[in-house]
Amino acid sequence: MGGEKTHALLLEDLIENAGGCAVVDGGFATQLEKHGASINDPLWSALCLIKDPDLIKRVHLEYLEAGADILVTSSYQATLAGFQSRGLSIEEAESLLEKSVKIAVEARDKFWVAKKRNSGHNYNGALVAASIGSYGAYLADGSEYSGNYGVKVTLEKLKDFHRRRLQVLVEAGPDLLAFETIPNKLEARACVELLEEENIQIPSWICFSCVDGESAPSGESFKECLDVINKSNKVSAVGINCAPPHFILSLIQRFKELTDKAIVVYPNSGEIWDGTAKKWLPSKCFDDEKFVQFALKWRDAGAKLIGGCCRTTPSTVRSISKALKARKPVSNIRQIA
Ligand SMILES: C[S+](C)CC[C@H](N)C(=O)O
Ligand SMILES: N[C@@H](CCS)C(=O)O
Ligand SMILES: [Zn+2]
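Residues numbered from 1 in each chain as written. Chains lettered and ligands numbered in written order. Predicted model: local features only at pLDDT ≥ 70, side-chain atom pairs only at ≥ 80, totals over all residues. Heavy atoms only, no water.

Side note on helix α11 (residues 248-258)
Argument step 1. Buried within α11 are the following residues: Ile248, Leu251, Ile252, Phe255 and Leu258. Relative to the axis of α11, the buried residues are bounded by an arc of 125° and lie together on one face.
Argument step 2. Looking at the buried side of α11, the elements it contacts are α10 (222-230), β6 (235-241), β7 (262-266) and α12 (288-300). (Buried < 20%, exposed > 50% of the residue type's maximum accessible area, 1.4 Å probe, protein only. Helix = DSSP H or I, 4+ residues; strand = E, 2+ residues; numbered from the N terminus. Arc of directions from axis to C-beta. Contact = heavy atoms within 4.5 Å.)

Pasting the structure below:
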C-alpha cells in the first residue's frame with residue numbers, strides 16, 4: 001500500500017517539477033528507422049531488441065537530450081508469442097522483454113548522472129514507462145486502428161496474451177506502465193483487470209488510438225471505455241496516442257468531462273498507417289512548429305503529459321519541451337533515488 005502511494009507520487013512529482021505538464025518522448029520506431037533500422041517485419045520495432053540494442057539506447061538518449069521527461073520503452077510490439085514464433089525459447093523471449101526496460105533505465109541513469117554534474121540545466125530526472133502495445137499491434141495487421149479483433153478474442157484471451165508480458169516487464173523495474181493504442185473497450189477492461197489481479201504497484205496510463213476524432217476505433221464511445229477505467233485506482237492517467245494531432249484538443253475536452261484521472265496525449269504526425277502495405281501514407285501532416293502550437297492548446301485544455309508518437313522525432317520533442325517549460329525556472333530540481 002505504502003509502496004503504491006510512493007510510486008503514484010513519482011508521476012505526480014514529475015508533472016509538478018516539469019511545470020505542470022511533463023513531456024513524453026516521441027516516435028520510437030520512427031527514430032530507429034531514421035538511423036537506418038529495417039523494421040518492416042511482424043515484430044516491427046521489437047526486431048531491434050534482437051538485432052541492434054545499442055541503437056535502442058542511442059534513441060533513448062536522443063529523446064532525453066531533446067527534453068523528454070518520460071521514456072517509453074522499445075517493447076510496444078515485443079511479445080512472448082511474437083518472439084517464440086521466430087524460434088526463440090520462452091526464456092529468451094522473456095529476457096528480451098526485460099532488456100527493453102534495462103536499456104531505457106541505463107540510458108536514463110547515464111544521462112542523469114552526466115547532467116547532475118552541472119547545475120543550471122533544465123532537465124528533470126526522467127521516468128521510464130514500459131510500453132505495452134495492444135493485441136492489435138502484435139497481430140501486425142493494422143487492427144490497433146480498427147479495434148476489430150473478431151468474436152474469438154475474448155476478455156480471457158486478451159488477459160492471457162498480456163499477463164506474462166506484464167509480469168516480466170514489471171519485474172524488470174520500470175517506473176510506470178504505458179498501455180498504447182488500445183482500440184476497444186474489451187482490451188481496456190483486460191488491462192484494468194490484469195492490473196488489479198496482478199496487484200501492480202507502479203502507476204499506469206492507458207492510451208487509446210482514435211481514427212474518427214470522436215470514439216474508440218471499435219466505434220465504442222470513450223464514455224463506455226473510460227467508465228471501465230475510472231473504477232480502478234491502478235490507472236493514473238488516460239488518453240490518446242498515435243492519432244492525428246487535429247483530433248486531440250476536442251478529445252482532451254471530452255476526456256475532462258469523463259474522468260478525474262490525469263490526461264496523457266502523444267499523437268502522431270497526422271500521417272496514416274496503411275496496415276496492409278505497412279507504410280505511412282502522407283495525409284494532414286503537421287510540422288514541429290504546428291505541433292507545438294497544438295501542444296500549448298492541449299496543455300491549456302488540461303493535458304498533464306504531452307509528447308509525440310509515430311513520425312514525430314527528437315526535434316518535435318525538443319520544440320514541445322522548450323515551449324511547455326518556458327515558464328519553469330532553471331534549476332537542478334530532482335533526482336531519482
Ligand atoms: C503503430 S503501428 C505503425 C505499428 C506497426 C503495426 N503493428 C504492424 O506491425 O504493422
Ligand atoms: N511507443 C511506440 C508506439 C507506436 S504506436 C513507438 O513510438 O514506436
Ligand atoms: Zn504511434
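Comments concerning the UniProt feature "domain: Hcy-binding" (unreviewed entry) in the protein
Argument step 1. Residues annotated by UniProt as "domain: Hcy-binding" (unreviewed entry) correspond here to residues 10-324.
Argument step 2. Helix makes up 46% of residues 10-324 and strand 14%, and the two end C-alpha atoms of the span are 20 Å apart. (UniProt positions renumbered as here; feature names shortened; annotations may be inferred.)

Let's talk about the coordination of the zinc ion (ligand 3)
Argument step 1. In the first shell of the zinc ion (ligand 3), the protein supplies Cys242 (SG), Cys309 (SG) and Cys310 (SG), at 2.2 to 2.4 Å from the metal.
Argument step 2. Coordination at the zinc ion (ligand 3) comes from four donor atoms whose angles at the metal span 95 to 129°, giving a geometry best classed as tetrahedral.
Argument step 3. We note that the donor set of the zinc ion (ligand 3) lies within a single chain, spaced as C-x66-C-C.
Argument step 4. Residue cysteine 309 is classed as buried on the basis of its relative accessible area, which comes to 10%.
Argument step 5. The buried category is assigned to cysteine 310, whose relative accessible area is 8%. (Donors = N, O, S within 2.8 Å, 3.2 Å for Na, K, Ca; no water. Tetrahedral: all angles 85-135°; square planar, octahedral: opposite > 155°, others 65-115°.)

Some points on the pattern of salt bridges
Argument step 1. Within the structure shown, the criterion is met by 18 salt bridges.
Argument step 2. For the salt bridge of lysine 57 with glutamate 106, the shortest nitrogen-to-oxygen distance reads 3.4 Å. Linking lysine 57 in helix α4 (residues 53-66) with glutamate 106 in helix α6 (residues 90-116), this pair joins segments that are 49 residues apart in sequence.
Argument step 3. For lysine 57, a relative accessible area of 22% gives the class partly exposed.
Argument step 4. On the basis of relative accessible area, glutamate 106 is assigned to the partly exposed category, the value being 44%.
Argument step 5. Salt-bridge contacts for lysine 159 lead to glutamate 193; the nearest nitrogen and oxygen are separated by 2.6 Å. With lysine 159 in helix α8 (residues 155-171) and glutamate 193 in helix α9 (residues 185-197), this residue pair connects regions lying 34 residues apart in the sequence.
Argument step 6. Taking the relative accessible area as the measure of exposure, lysine 159 reaches 3% and is therefore buried.
Argument step 7. With relative accessibility at 25%, the residue glutamate 193 sits in the partly exposed group. (Salt bridge = Lys/Arg side-chain N within 4 Å of Asp/Glu carboxyl O.)

Details of the site of ligand 1
Argument step 1. Taken together, Trp44, Tyr76, Gln77, Ala137, Ala140, Glu144, Tyr145, Trp273, Lys278 and Trp280 form the complete shell of residues around ligand 1.
Argument step 2. Across the complex, the protein chains shield 99% of the 330 Å² of accessible surface that ligand 1 would expose by itself.
Argument step 3. Residue classes in the shell around ligand 1 are distributed as seven nonpolar, one polar and two charged. (Near = heavy atom within 4 Å. Areas by Shrake-Rupley, 256 points an atom, 1.4 Å probe, with all protein chains shown as cover. Nonpolar A, V, L, I, M, F, W, Y, C, P; charged D, E, K, R; others polar.)

Re the sheet that holds strand β1 (residues 22-23)
Within a sheet, adjacent strands bond to each other through the backbone by hydrogen bonds, running parallel or antiparallel.
Argument step 1. A sheet is described by the order of its strands in space; here eight strands give the open sequence β1-β10-β7-β6-β5-β4-β3-β2, paired in parallel fashion. Among the strands making up the open sheet, the edge pair consists of β1 and β2 (70-72).
Argument step 2. Relative to β7, β6 runs parallel, the two sharing five bridges. Residue pairing across strands places glycine 239 opposite valine 264, the latter belonging to β7.
Argument step 3. With respect to the sheet, α9 is in contact with β4 (176-182), β5 (204-208) and β6, its orientation differing from that of β4 by roughly 165°. (Pairing = 2+ DSSP bridges. Axes fitted to C-alpha atoms, helices over the stretch in contact; angles between N-to-C directions.)

Topic: the packing of aromatic side chains
Argument step 1. For the structure on display, the rule yields 14 aromatic pairs.
Argument step 2. Their ring planes at 10° and their centres at 5.8 Å tell us that phenylalanine 294 and tryptophan 298 sit as a pair that is stacked. With a gap of four residues between them, phenylalanine 294 and tryptophan 298 both fall in helix α12, about one helical turn apart.
Argument step 3. Classification of phenylalanine 294 as buried rests on a relative accessible area of 14%.
Argument step 4. Exposure remark for tryptophan 298: the relative accessible area of 0% places this residue in the buried category.
Argument step 5. Stacked on the ring of phenylalanine 294, the Lys or Arg lysine 290 has its end atom at 4.7 Å from the ring centre. (Phe/Tyr/Trp six-rings, centres within 6.5 Å; stacked < 30°, edge-to-face > 60°. Lys NZ or Arg CZ within 6 Å of the ring centre and 35° of its normal.)

Digging into the packing of α8 against α9
Argument step 1. α9 packs onto α8 with a crossing angle of 50° between their chain directions and a minimal axis gap of 9 Å. Regarding the angle of α8 to α9, the classification is oblique. Handedness of the α8/α9 crossing: right-handed. On the side of α8, the interface is formed by Leu155, Leu158, Lys159, His162, Arg163 and Leu166, while α9 contributes Leu186, Glu187, Arg189, Ala190, Glu193, Leu194, Leu195 and Glu197. (Parallel < 35°, antiparallel > 145°, perpendicular 65-115°, else oblique. Left-handed = near helix turned anticlockwise from the far one by under 90°.)

Brief notes about α12
Argument step 1. With 13 residues, α12 extends 18 Å between its outermost C-alpha atoms, agreeing within 8% with the 18 Å of an ideal straight helix rising 1.5 Å per residue.
Argument step 2. The complete set of buried residues in α12 reads Phe291, Val292, Phe294, Ala295, Trp298 and Arg299. One side of α12 holds all its buried residues, which, seen down the axis, span an arc of 165°. The exposed set on the far side of α12, more than 90 degrees from its buried face, consists of Glu289 and Asp300.
Argument step 3. Residues of α12 that are buried make contact with α11, β7, β10 (305-306) and α13 (314-324). (Expected span 1.5 Å × (residues − 1).)

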